Amino acid sequence: MTGRKDGTPAGPGYEERLQAFTGRELRAPTPAQDPVNQPMIRHWAEAMGDTNPVYTDAGAARATGRAGVVAPASMVQAWTMRGYAATAAPPGAGGSDGFGELVALLDEGGYTSVVATDSELTFLRELEPGDHVSVRESVESVSAEKRTGLGTGRFVTTLKTYTDQHGGTVATQRWRTLRFRPAGTADGPAGTAGTGDGGAAAAPETTGTAAAPEASGPAAGAEPSAPAAPALRPRPAVNRDNAFFFEGAKRHRLLIQRCAACSALRHPPGPCCPGCASLEWDTVEAEGRGRVYSFVVNHHPRHPAFESPYLVAVVELAEGTRLITNLTGVAPEDVTIGMPVVLDWLDADPELTLPVFRPAPTEAP
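Attention in this report is confined to the structure presented alongside it.

What to know about the overall build of the chain
And step 1. Looking only at helices and strands, one finds seven helices and 14 strands in the chain.
And step 2. Here the chain displays about 20,500 Å² of accessible surface, and carbon together with sulfur accounts for 55% of that area.

Below, the structure is given as structure tokens:
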């Protein structure tokens, strides 16, 4: 039997209910909002830095034997992606929602976190302007429970089939995700609590505020309910390449990765120097001063661990690397590009410390 996030067992017949999704259609054939078109092909090619002329030049495309320009094959998924409003709609708002049912059942088993692991695309023909793509999705398999570095979970494999306006298949996509209980939650044997310290736990499902008491007060002799625990910030994806950064942050040290061969600084961290390809590296500690390179004021999506709206900035450090971070101690309307900022530290909870930046003190004339 599978355990929920809180350590209690899932309902009876859980495995049978989960495996019943194998072969089930999650999404009926759904047409893209727009047909394949030249403007979007051009935007995609520019964003990807793909200069192949068959995507934008009809003459060059005809010289290769094509009837005209074609869309990059890797765009096939983009044509059918839903917009934000459709993604944020409640499950079932548009009718039968097999995907929502599957996610709810996985949540029942405690598999509340997700990470994509594989995407295998097969292209059968090129798309041309005027083609109208549809996609349907079905479940190929749901694995038995597996223990992974992220936590205990199940690999869910679905098959997306892309068709044109005539019903012909133009591409398929085998899509695999890991639905898991983060390590350190209820990641022990089924029905038991995990033994980890909770450092990789997902944010709890709380609003960060206590419920308002009844006007008449609690019933006589009743124990007062404890305030709800504040919501935790989402956990960063820590791996062997970036663990040093978060470990340094716990000690209030802002570390930058440095190539041991050519001394080039780089951020985000990675295993290989993009300049000389060396795999050897060490770190240097940043001075803690920089300037706002760019910023956005985030209003959505809302999260109980954040006070909305909040400032997300790209700060260019004095050392030359750039860091995505939060700005504190300043109103959104007072932020300017190039504004000097200094390092501060956010001790979000006992397991997570993050660098943030605030306006630099104004120097006396």
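Here the narrative resumes.
What about the sheet that holds strand 9 (residues 281–285)?
And step 1. Read from one edge to the other, the open sheet built from three strands follows the order 8-7-9, with strand pairing classed as antiparallel. The open sheet has two free edges, formed respectively by strand 8 (265–266) and strand 9, since each of these has just one partner strand.
And step 2. Across five bridges, the pairing between strand 7 (residues 255–259) and strand 9 is antiparallel. Bridge pairing links Cys 259 to Trp 281 in strand 9.
And step 3. Running at roughly 145 degrees to strand 7, helix 7 (residues 243–250) makes contact with strand 7 and strand 9 of the sheet.

Thoughts on the sheet that holds strand 12 (residues 322–326)
Either a parallel or an antiparallel arrangement is found when strands of a sheet pair, and the pairing is made through backbone hydrogen bonds.
And step 1. Ordered in space as 12-11-10-13-14, the five strands form an open sheet in which the pairing is antiparallel. Where the open sheet ends on each side, the last strands, each with one partner, are strand 12 and strand 14 (352–359). In this sheet, adjacent strand axes meet at a mean angle of 35 degrees when their direction is disregarded.
And step 2. Two elements, strand 10 (residues 289–298) and strand 11 (residues 310–317), share eight bridges in a ladder whose sense is antiparallel. Bridge pairing links Ser 294 to Val 314 in strand 11.
And step 3. Here helix 7 sits on the sheet in contact with strand 12, strand 13 (340–349) and strand 14, set at roughly 75 degrees to strand 14.

Some points on the nonpolar core
The nonpolar side chains of a soluble globular protein tend to be buried with one another.
And step 1. Leu 254, Val 315, Leu 317, Leu 327, Val 341 and Phe 357 are the most contacted members of the largest nonpolar core, which totals 24 residues.
And step 2. Elements that contribute at least two residues to this core include exactly helix 7, strand 7, strand 11, strand 13 and strand 14.
And step 3. The residues touching Leu 317, leaving out its near neighbours within four places in the chain, are Leu 254, Ile 256, Ala 286, Arg 289, Gly 290 and Phe 357.
And step 4. Residues Ala 32, Val 76, Tyr 162 and Val 170 belong to the second largest nonpolar core, which totals 17 residues.

What about the packing of aromatic side chains?
And step 1. The final tally for this structure, using the stated rule, is three aromatic pairs.
And step 2. The interplanar angle of 45 degrees and the centroid separation of 5.1 Å between the aromatic rings of Phe 244 and Trp 281 together place this pair among those described as tilted. With Phe 244 in helix 7 and Trp 281 in strand 9, this residue pair connects regions lying 37 residues apart in the sequence.
And step 3. When the ring of Phe 306 is compared with that of Tyr 310, the centres are 5.0 Å apart and the planes differ by 25 degrees; the resulting orientation is stacked.
And step 4. The class of Tyr 310 is buried, set by a relative accessible area of 18%.
And step 5. The positively charged end of Lys 160 is found above the aromatic ring belonging to Trp 175, 5.6 Å away from the centroid.
And step 6. Sitting over the face of the ring of Tyr 293, Arg 322 holds its NZ or CZ atom 3.6 Å from the ring centroid.

A short note on helix 2 (residues 38–48)
Since the α-helix packs 3.6 residues into each turn, any two residues three or four apart lie on the same face.
And step 1. By the burial criterion, the buried members of helix 2 are Gln 38, Ile 41 and Ala 45. Along the axis of helix 2, the buried positions cluster into a sector of 60 degrees, meaning they face one direction only. Turned more than 90 degrees from where helix 2 packs its buried face, Glu 46 and Ala 47 sit exposed.
And step 2. Buried residues belonging to helix 2 abut helix 4 (76–79).
And step 3. Measuring from the backbone nitrogen of Met 40 back to the side-chain oxygen at the start of helix 2 gives 3.0 Å, which picks out Asn 37 as the cap.
And step 4. Phi turns positive, to about 70 degrees, at Gly 49, one or two residues after helix 2.

Some words on the pairing of strand 7
Each regular strand carries side chains that alternate between the two faces of the sheet.
And step 1. Along strand 7, four of the five residues are buried, which leaves the element largely enclosed by surrounding structure.
And step 2. Where strand 7 lies against strand 8, two bridges are found, and the strand directions are antiparallel. For Arg 258, the partnering residue across the bridge sits in strand 8 and is Leu 265.
And step 3. Count of turn residues in the strand 7/strand 8 antiparallel hairpin: five residues, of which Ser 263 carries a positive phi of about 70 degrees.

Comments concerning unusual backbone geometry
And step 1. For the bond from His 267 to Pro 268, the omega torsion is 5 degrees, close enough to zero to count as cis.
And step 2. Position of Pro 268 among the secondary structure elements: in the loop between strand 8 and strand 9.
And step 3. Geometrically, the link from Ser 308 to Pro 309 is a cis peptide bond, its omega value of -5 degrees lying close to zero.
And step 4. When you line up the elements, Pro 309 lands in the loop between strand 10 and strand 11.
And step 5. In this model, His 252 sits at a positive phi of 60 degrees, which is unusual for a non-glycine residue.
And step 6. As for its placement among the helices and strands, His 252 is situated in the loop between helix 7 and strand 7.
And step 7. Here the phi dihedral of Ser 263 falls at roughly 70 degrees; this positive angle occurs in a residue that is not glycine.

Things to note about the side chain of Arg 235
And step 1. Assignment of secondary structure puts Arg 235 in the loop between strand 6 (169–182) and helix 7.
And step 2. Within polar-contact distance, the side chain of Arg 235 engages the backbone oxygen of Arg 233 at 2.8 Å.
And step 3. A polar side-chain atom of Arg 235 sits 2.7 Å from a polar atom in the side chain of Asp 349.

Each value, and the rule that gives it
- Residues numbered from 1 in each chain as written.
- Predicted model: local features only at pLDDT ≥ 70, side-chain atom pairs only at ≥ 80, totals over all residues.
- Heavy atoms only, no water.
- Helix = DSSP H or I, 4+ residues; strand = E, 2+ residues; numbered from the N terminus.
- Areas by Shrake-Rupley, 256 points an atom, 1.4 Å probe, with all protein chains shown as cover.
- Pairing = 2+ DSSP bridges.
- Contact = heavy atoms within 4.5 Å.
- Axes fitted to C-alpha atoms, helices over the stretch in contact; angles between N-to-C directions.
- Core = buried A, V, L, I, M, F, W, Y, C linked by side-chain atoms within 4.5 Å.
- Buried < 20%, exposed > 50% of the residue type's maximum accessible area, 1.4 Å probe, protein only.
- Phe/Tyr/Trp six-rings, centres within 6.5 Å; stacked < 30°, edge-to-face > 60°.
- Lys NZ or Arg CZ within 6 Å of the ring centre and 35° of its normal.
- Arc of directions from axis to C-beta.
- Polar contact = N/O pair within 3.5 Å; in protein donor to acceptor, adjacent residues only side chain to side chain.

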